[in-house]
2 protein chains.
Amino acid sequence: MAKDKPAPRPKAVTPKGFRDYFGAEVAQRTRMLAQIAEVYHRYGFDPLETSGVETVEALGKFLPDVDRPNEGVFAWEEDGDWLALRYDLTAPLARVAAQYRNDLPSPYRRYAMGPVWRNEKPGPGRFRQFYQCDADTVGAASVAADAEICAMLADTLEAVGLAGQYVIRVNNRKVLNGVLEVAGLSGDDKEAERGIVLRAIDKLDRLGVEGVRALLGEGRKDESGDFTKGAGLSEAQAEVVMGFVEAEKRMNEVDVRDAMDAQDDAVIEMIGREMSYRSNPNKLVEREKSVGDLANGMMVNYLRQLVEASPVGTEGVDELALIYDLLAAQGYGPDRIVIDPSVVRGLGYYTGPVYEAELTFDVTDEKRNVRNFGSVAGGGRYDDLVKRFTGQAVPATGVSIGVDRLLAALHATGRLDTTEAGPVVVTVMDRARMAEYQAMVADLRKAGIRAEVYLGNPKNFGNQLKYADKRNSPIAIIAGGDEFDRGVVQIKDLILGAQIAQSATAEEWKDRPQQREIGLSDLVAEVQQMLADQAR
Amino acid sequence: MAKDKPAPRPKAVTPKGFRDYFGAEVAQRTRMLAQIAEVYHRYGFDPLETSGVETVEALGKFLPDVDRPNEGVFAWEEDGDWLALRYDLTAPLARVAAQYRNDLPSPYRRYAMGPVWRNEKPGPGRFRQFYQCDADTVGAASVAADAEICAMLADTLEAVGLAGQYVIRVNNRKVLNGVLEVAGLSGDDKEAERGIVLRAIDKLDRLGVEGVRALLGEGRKDESGDFTKGAGLSEAQAEVVMGFVEAEKRMNEVDVRDAMDAQDDAVIEMIGREMSYRSNPNKLVEREKSVGDLANGMMVNYLRQLVEASPVGTEGVDELALIYDLLAAQGYGPDRIVIDPSVVRGLGYYTGPVYEAELTFDVTDEKRNVRNFGSVAGGGRYDDLVKRFTGQAVPATGVSIGVDRLLAALHATGRLDTTEAGPVVVTVMDRARMAEYQAMVADLRKAGIRAEVYLGNPKNFGNQLKYADKRNSPIAIIAGGDEFDRGVVQIKDLILGAQIAQSATAEEWKDRPQQREIGLSDLVAEVQQMLADQAR
């Protein structure tokens, strides 16, 4: 007999590129965000929470590496307005700073934490919704504001437990602009060349020095045979840019040469040490501060020479030196702060200092390669974002922490418990006594103990213990008719049970029984005692 | 001379129906959510965080009162799939419970907190993004699970500071179904009538008893003259339904009549008291528990008589009585738990017990009317939501707290500070000494004191003090060249300053100077002392 076809059932799936977070994952993030907020608050930053939805025109188009037609955002039309999910927390801040400019204190220090959305091709570990945690100062033109953000970033990383395992790398986009000016690429008619040069520098990690050099000249053929046209710079122009790209290496070469000319053995040795430190960031924390100070000072001098013909470049070098001095005065020395021209921070809206927090310990990736953990936060100065709305320049600088990267780092260092303590489970032997089981649980909860009654079908007692196991429960309470008649309950140590199950010999556990009978009126005290014993 | 027109500037506006939250508003919500999470956690619930985006098919169509073509959600098409922002936290939970059904513990207790989005006409105090905070138990058929949620809701309201100011009203949708059955409205051919009756009951608050009665019969003409067709029930059918709608009133009348017949003065007095309590919820907290117990018992008996011809209705009354007993056994008595047939909770997916937390204190609304604060949370049992995906019934029950309503309630009771303590502000007299100002602030922060250097243009000193005022700063630190030379700073008590400014006579403040000079090395200790004095 033909039946009517039922309506097709909806599929229970997370949308492509999104994911769900369970239990400990959520709790860990919540705790970490609270630790970060505490530091931000201490620095005088106030929380701001904007909604996930903005107008498309307010968001603007600042996403790097956009390879999709709708430009990296989730957008839709609503009553004639185009709305979109925010792709970061900076664009909404710029909108707020413009919208409430007459009401907000100036400077306005704010922090924000929450999800952002990117309409990008999902990949391994790359999701379309993820958390950011930002702090920005709007209305402060002084690089003291940039220095403060760097100090706060250092304190934040220490607050979450990464003291001695990070460096903050600082650069200034004005130095890069100075290099372009010195290379004769500053005119309005040179925009195309500048674009090629900037993109090439940004790809240094991937292409290497040779690849970047090729793109500065005629161009580069990649492994697949595809040809990318270069900027067509002359040998001399390219040399200036490469002096910047290879600043680290050349600076050391120059200084070694100078020292050798002067036969200064101490300086030669110091520079040699510094070079090996720089190439192995794990050792940075071992550096003597004096060596680090010297290295940063050398870098400033090297950059100053490189851009001395460019006023904007020189300004950038001055700012870099000032940030370094301000941080040193607050106790953030060269063991934590490194001047590093290779920090470019994308190609977006930055106009001055840029900075990046890098974790210096090694991790083994999925291909079993050992590599540096790398960047977990970055930011910089963006003096033109608020101007989009108001027409008036408003200086601003700030940092964004990649919350999921930072959590992954804490996992890598073993600083996060991956399992949360489960509840004490009161099992159900006699369904008719549910009120009495609930009363036990109410007493435990009133004493601050995480506890629950088993609320599934109580028929199969084995299922109740399996449930307790799955919940990672420390203790099960068992009571049937006989126990209730005698005013007692059984208390079962599930942690000890698991240890005994794993152990070859049960001998050693003899004096600590896995299960015992206690008076019902002692329930709370006995559970507290057993939890304390387990924590030992 | 004609200039090129510049590109039009984007408007700095929050999208229509959305809003921004600043400073204390964000901090208060964060704190309240942490308090709630702590209670949920103690009850054995685990956090779950799904993303803001779901497939439209997974969300389903369960929004009440949808008056817009795109059915109340923000949705868009993406690579051929329709995606949407979640409109609540229950639909994503049902999806998760189906998707991970082989991996999750059963029962699965989870809590979730976060924003949800509704594509509705914005109105005063009604926004298109708002927070919910839910706790649900999936896989527990027993009403012990519903009772537990009610107990947890009570503990939650007490944890945020509302002890003695709420009642939790409990009902059961099966009782309502029983009433419809007794009224002869249970057949498949009576769906249209049932719909009209349910909508009429749900509008009791707005239409009053007369209005509902009219809609049960021929229909009702509203003030504007529009006519709404009624369910066309007979007098006898309508009488059954009105016996439910007016349960509170009729129950008392019946009992008073019985008592008068029996000349039982004590019962007559008790019922009279109970009636006045019920009509004035403020007095509920004053009720003797015995009277409350009697009232709830009378209500159970009344409902049992009303639906005795209906098996499903009788089952509903039994469940109500059991929930009440389970809660009483855990110490949640009639001062907090009220059986109330007027609780219907929309017309959506509920299949059994429904519950609602009502705050019992009065507030004055924007029209200067004094009214009961009303509902801040509600929920119930929805046994069919997971079945949508899997085809297999999965029992589930849970509650949703309206986070913004609850925050508003805490404001109304004066339990929230509306201003946050601002940072200590170190002012800048000499821009060249920024490193020294920053070092002062670093010392204060290291001691856990919220502090910052003024980072705006320091030229106008008055602006710096205005800034400190706007930030609600307790203390300003002032030091120029002269102070630095002598190793001192000025410390200025801004709280005292504000008090003196308000006071008619400065006499009383004489022994507590508003500003004084201290040694630079005593800065941290002196600031700590002044903050402690201010807190007194």
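Residues numbered from 1 in each chain as written. Chains lettered and ligands numbered in written order. Predicted model: local features only at pLDDT ≥ 70, side-chain atom pairs only at ≥ 80, totals over all residues. Heavy atoms only, no water.

### Some points on the sheet that holds strand E3 (residues 53-55) of chain B
All names here are of chain B. As a reminder of what qualifies: Should DSSP find at least two bridges between two strands, the strands are taken to pair. Secondary structure counts use DSSP, requiring at least four H or I residues in a row for a helix and at least two E residues in a row for a strand, with both numbered from the N terminus. A fitted line through C-alpha atoms serves as each axis, taken over the contacting stretch for helices, and the angle formed by two N-to-C directions is quoted from 0 to 180°.
An order of E3-E5-E4 is seen for the 3 strands of this open sheet, with the pairing classed as antiparallel. The open sheet has two edge strands with one neighbour each: E3 and strand E4 (75-78). Strand-to-strand, the axes of this sheet are offset by a mean angle of 35°, without reference to chain direction.

### As for the relation of the copies chain A and chain B
Rule in force here: The copies were overlaid with a least-squares fit restricted to C-alpha atoms from residues scoring a pLDDT of at least 70 in each copy. Contacts are residue-level and defined by heavy atoms, with any inter-residue pair within 4.5 Å sufficient.
Screw-axis analysis of chain A against chain B gives a translation of 0.0 Å along the axis, an RMSD of 0.1 Å, and a rotation angle of 180°. The operation mapping one copy onto its partner corresponds to a two-fold rotation axis. Taking the C-alpha atom as reference, chain A places Trp 76 of chain A closest to the rotation axis, 2.9 Å from it. When the interface residues of chain A are mapped onto chain B, 99% of them again lie at the interface, so the same face is used by both copies.

### Concerning the sheet that holds strand E3 (residues 53-55) of chain A
All names here are of chain A. Taken together, the 3 strands give an open sheet; going across it, the order is E3-E5-E4, and neighbouring strands pair in antiparallel fashion. At either end of the open sheet lies a strand with only one pairing partner, and these are E3 and strand E4 (75-78). Averaged over all adjacent pairs, the angle separating strand axes in this sheet is 35°, with direction ignored. Across 4 bridges, the pairing between E4 and strand E5 (residues 81-85) is antiparallel.

### Topic: the UniProt feature "binding site: L-histidine" (unreviewed entry) in chain A
All names here are of chain A. Selection criterion: UniProt positions are given in the numbering used here, feature names are shortened, and annotations may be inferred rather than shown by experiment. Burial here depends on accessible area, computed with a 1.4 Å probe over protein chains only, as a share of the maximum for the residue type. Under 20% is buried, over 50% is exposed, and the range in between is partly exposed.
Mapped onto this structure's residue numbering, the UniProt feature "binding site: L-histidine" (unreviewed entry) falls at Asp 88, Leu 89, Thr 90, Arg 118, Gln 132, Asp 136, Arg 345, Tyr 349 and Tyr 350. Along the chain, Gln 132 falls in strand E7 (residues 129-138). You can call Gln 132 buried: its relative accessible area is 10%. Once residues within four sequence positions are removed from consideration, Gln 132 is found in contact with Asp 88, Leu 89, Ala 112, Met 113, Gly 114, Val 116, Arg 118, Ser 400, Ile 401 and Val 403. Among the structural elements, Tyr 349 can be located in the loop between strand E11 (337-339) and strand E12 (353-364). A relative accessible area of 17% places Tyr 349 in the buried class.

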